[in-house]
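Here are the chains, one letter per residue:
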Amino acid sequence: MMISDLRWMGLGALGSVAVMAPAIADTEADLFVAYPPATHQTVSDRIFLIGTADPEQPVLVNGEPIEYRSAAGHFAPTVPLEPGENTLTLTQGDDTLTLTITRISATPTVPPESWFVPESLVPQVDIARPAGELVCFGVQAIPDADIAVNWADQVIPLAPPPTAVTLPPNYAVLTSQNEPVPLAATPYEGCTTMPAAGELGPPTYSMATRDRPETVTAPGNISRLETTDFFPVAAVTVASGIARTGPSTSYSRITPLPQGTRAAITATEGDWLRLDYGGWIRASETAIAPATAPPRSIIRSVTSEQIPGWTEVRFPLQTPVPIAIDQTADTLTLTLHNTTPQTDTIYFDVDPVVQRLDWQPVLPDRAQFRFQFRTDQQWGYKVRYEGTTLVLALRHPPALATDSLAGATILLDPGHGSENDLGARGPNGYPEKDVNLVVSQLLQAELEARGATVVMTREGDDDLFPGDRVDIINQVEPTLALSLHYNALPDAGDALNTAGIGMFWYHAQAHDLSEFLHNTLVQDLDRPSYGVYWNNLALTRPTVAPSVLLELGFMINPDEFEWITDPSAQATLAAELAEAIAQWLNTNVPPQ
Ligand SMILES: [Zn+2]
């Protein structure tokens, strides 16, 4: 998969990201290590060694023989790591390879030259809050310290919270190690409210105790967001503004804001803006202008219209307000923020996909529209502003010929590509990008033989960013979008005992397909199950069609790698996958 490449994660910094080892083993007999590289840093207390060597001879790690080897001589043992530098020497006959793995603390530690953890001082970036709002301070430091903040002519005492833990990164769930972990340093916190007037500036943190009192200033300045004379209003300038639950890419995505959306700014943090409905967006995706009042709208009547392949629902508004869309298997709920209903009439014609449209006011300033679908399989949606009218387009199912995939367009996205984006690597260094393309082309042939139109995001070793692939999906508007990958694990994973089929979905419209493909491949090909995951990924986030990211096996598992690279197994997999896709479509596409 994508553990080793931030491009695909969308999950922020991974800490122990590897720099790739040399390309491919010269010959199968050579002692070769594909992962980790000769020098590597990790927060993990163990690491797996992915490599290969002459199957006839033992491989030793610091003198200990590697127990399990695949038929081809591949290995994937996990070795424990001590804090600090670990030297691992692999030998086979006269061949020797030395790796230097440095285990660093999973959470920041207090440096020798200070009592405080500098990168934990709050705020790290400039922030602005309105008068009366809570302003909180925090720092990690040595234990049992007497710490206070000086700010805005106030002295704010800090104290440790009852629990001094943090949470591992999201990817820790892939190795079932996502429980809270203790902080290496002691956290201290305290709050006050933003004064309505007076000097502000960056807070200073003072520690009175210890033989060497210390005062440090936080990197970020704190200012008051002025809304007395005017309201700063942000208008979304990009096609789809990325809204989040907080002021950084570590925070979860919420419904993207269509171009033109306007909302009052209620706080800033670094280059992020908090909008009055609660979502955060990057300032660079907006144009900011002063207004004499925050954008608000009423809503009255709503209409619908059928166009080829879609039902378009129009919501006339006075200004483009922020929206939220929540999808379940058979419903889609649209929320209009900063909107007060004056609605008496809704024209919603008899519709091929929508059984009924219900609506309700959510006081004080939201309107909610709930579409009840005729079946529990939706085929996609799009949303845009035309001036101040919101247009929500709901997709109709494809018109398929009987017992054929004619009428279906299936987009296949072979993951990764080019020397810049190898993806995961097998024990002999063989890169995921190549097997993704091989299997995608086999699947393309199988689907075309069943009558489908197939669109490939790449036919060769192209260097495509996830965003480029998503653009292709939004241009092509396929019936289904499938991104094909093979998997790997974070350093703490058990490479030897982790194998199998994994499916990743994001919108409810893709859940049933991901589950069906997973179950079918596991059962019919007798493959292990890695599981079905909800995952915030570029290739699962498109809304225009059910979009699934497939992980068809683990590159770093010695035995499974031999199955992954076996041409006849690849052909069987492609045929089985095509059959499963055909079955799912024929089951879920209502007869014409
Ligand atoms: Zn991948």
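Reading guide: rules and limits
- Residues numbered from 1 in each chain as written.
- Predicted model: local features only at pLDDT ≥ 70, side-chain atom pairs only at ≥ 80, totals over all residues.
- Heavy atoms only, no water.
- Helix = DSSP H or I, 4+ residues; strand = E, 2+ residues; numbered from the N terminus.
- Rg over C-alpha atoms; globule rule 2.2 N^0.38 Å.
- Areas by Shrake-Rupley, 256 points an atom, 1.4 Å probe, with all protein chains shown as cover.
- Lys, Arg positive; Asp, Glu negative; His and termini not counted.
- Charge placed at Lys NZ, Arg CZ, Asp CG, Glu CD.
- Expected span 1.5 Å × (residues − 1).
- Buried < 20%, exposed > 50% of the residue type's maximum accessible area, 1.4 Å probe, protein only.
- Contact = heavy atoms within 4.5 Å.
- Core = buried A, V, L, I, M, F, W, Y, C linked by side-chain atoms within 4.5 Å.
- Pairing = 2+ DSSP bridges.
- Axes fitted to C-alpha atoms, helices over the stretch in contact; angles between N-to-C directions.
- Polar contact = N/O pair within 3.5 Å; in protein donor to acceptor, adjacent residues only side chain to side chain.
- Donors = N, O, S within 2.8 Å, 3.2 Å for Na, K, Ca; no water.
- Disulfide = S-S within 2.5 Å.

Q: Please give an account of the overall build of the chain that cites residues and values.
A: Per the secondary structure count, the chain includes six helices and 45 strands. Rg of the C-alpha trace for the chain: 28 Å, near the compact-globule value of 25 Å for 592 residues, within the 12% margin. Based on the C-alpha atoms only, the size of the chain along its principal axes is roughly 80 × 80 × 35 Å. With the model as given, the accessible surface of the chain reaches about 24,800 Å², and the carbon-plus-sulfur share is 52%. Of the side-chain charges in the chain, 30 are positive and 70 negative, and the distance between the mean point of each set is 10 Å.

Q: Break down helix 4 (residues 511-524) for me, with residues and values.
A: For helix 4, spanning 14 residues, the distance from its first C-alpha to its last is 20 Å, which sits close to the expected 20 Å at 1.5 Å a residue. Turning to helix 4, its buried residues number three or more, namely Leu513, Ser514, Leu517, His518, Thr520, Leu521 and Val522. Its buried side turned inward, helix 4 meets strand 42 (480-487), strand 43 (501-505), strand 44 (529-534), strand 45 (547-554) and helix 6 (567-588). Once helix 4 finishes, Asp526 follows within two positions and takes phi at roughly 55°, a positive value.

Q: Can you lay out the nonpolar core for me, pointing to particular residues and giving the numbers?
A: Counting residues in hydrophobic clusters, the biggest one holds 72 residues, and the most contacted among them are Leu447, Leu482, Ile581 and Leu585. For this core, the leading source of residues is helix 6, giving 10 residues. Leaving out residues up to four positions away in the same chain, Ile581 has contacts with Ile410, Leu443, Leu447, Leu480, Leu482 and Leu517.

Q: Please provide a residue-by-residue account of the sheet that holds strand 13 (residues 147-151), values included.
A: Read from one edge of the open sheet, four strands run 14-13-18-19, paired in antiparallel fashion. In this open sheet, the two strands that pair with only one neighbour each are strand 14 (154-157) and strand 19 (214-217). On average, each strand axis in the sheet is tilted by 25° relative to the strand beside it, whichever way the strands run. Direction of pairing for strand 18 (residues 204-207) relative to strand 19: antiparallel, over a ladder of four bridges.

Q: Explain the side chain of Gln92 to me, using residue names and the numbers behind them.
A: Looking at the secondary structure, you find Gln92 in strand 9 (residues 84-92). The class of Gln92 is buried, set by a relative accessible area of 4%. Within the structure, the side chain of Gln92 is placed 2.9 Å from the backbone oxygen of Asp54, a separation counted as a polar contact. A distance of 2.9 Å separates a polar side-chain atom of Gln92 from the backbone oxygen of Gln57.

Q: So, the coordination of the zinc ion: which residues are in play, and what are the values?
A: Surrounding the zinc ion are the protein donor atoms His416 (NE2), Glu432 (OE) and His485 (ND1), which sit 2.1 to 2.2 Å from the metal. Between consecutive donors of the zinc ion, the numbers of intervening residues give the motif H-x15-E-x52-H. Of this pair, His416 sits in the loop between strand 40 (409-414) and helix 2 (432-449) while His485 is found in strand 42, placing the two residues 69 residues apart along the sequence. Per residue, the accessibility class of His416 equals that of His485, and both read buried.

Q: Break down the environment of Val233 for me, with residues and values.
A: Here Val233 shows up in strand 21 (residues 231-236). Residues Val233 and Glu560 lie 327 residues apart in sequence; the distance between their C-alpha atoms is 54 Å. Look past the residues within four positions of Val233 in its chain and what remains in contact with it is Arg262, Ala263, Ala264, Ile265, Ala287, Ile288, Ala289, Ala291, Ala293 and Pro295.

Q: Explain the state of the cysteines to me, and be specific about the residues and the numbers.
A: The tally for this structure, following the rule as stated, stands at one disulfide. Disulfide pairing is shown between Cys136 and Cys191; the S-S distance is 2.0 Å. Between Cys136 and Cys191, the S-S dihedral sits near 105°, and the bridge is therefore right-handed. Pair noted here: Cys136 is in strand 12 (residues 134-141) and Cys191 is in strand 17 (residues 186-193), with a separation of 55 residues, a long-range link.

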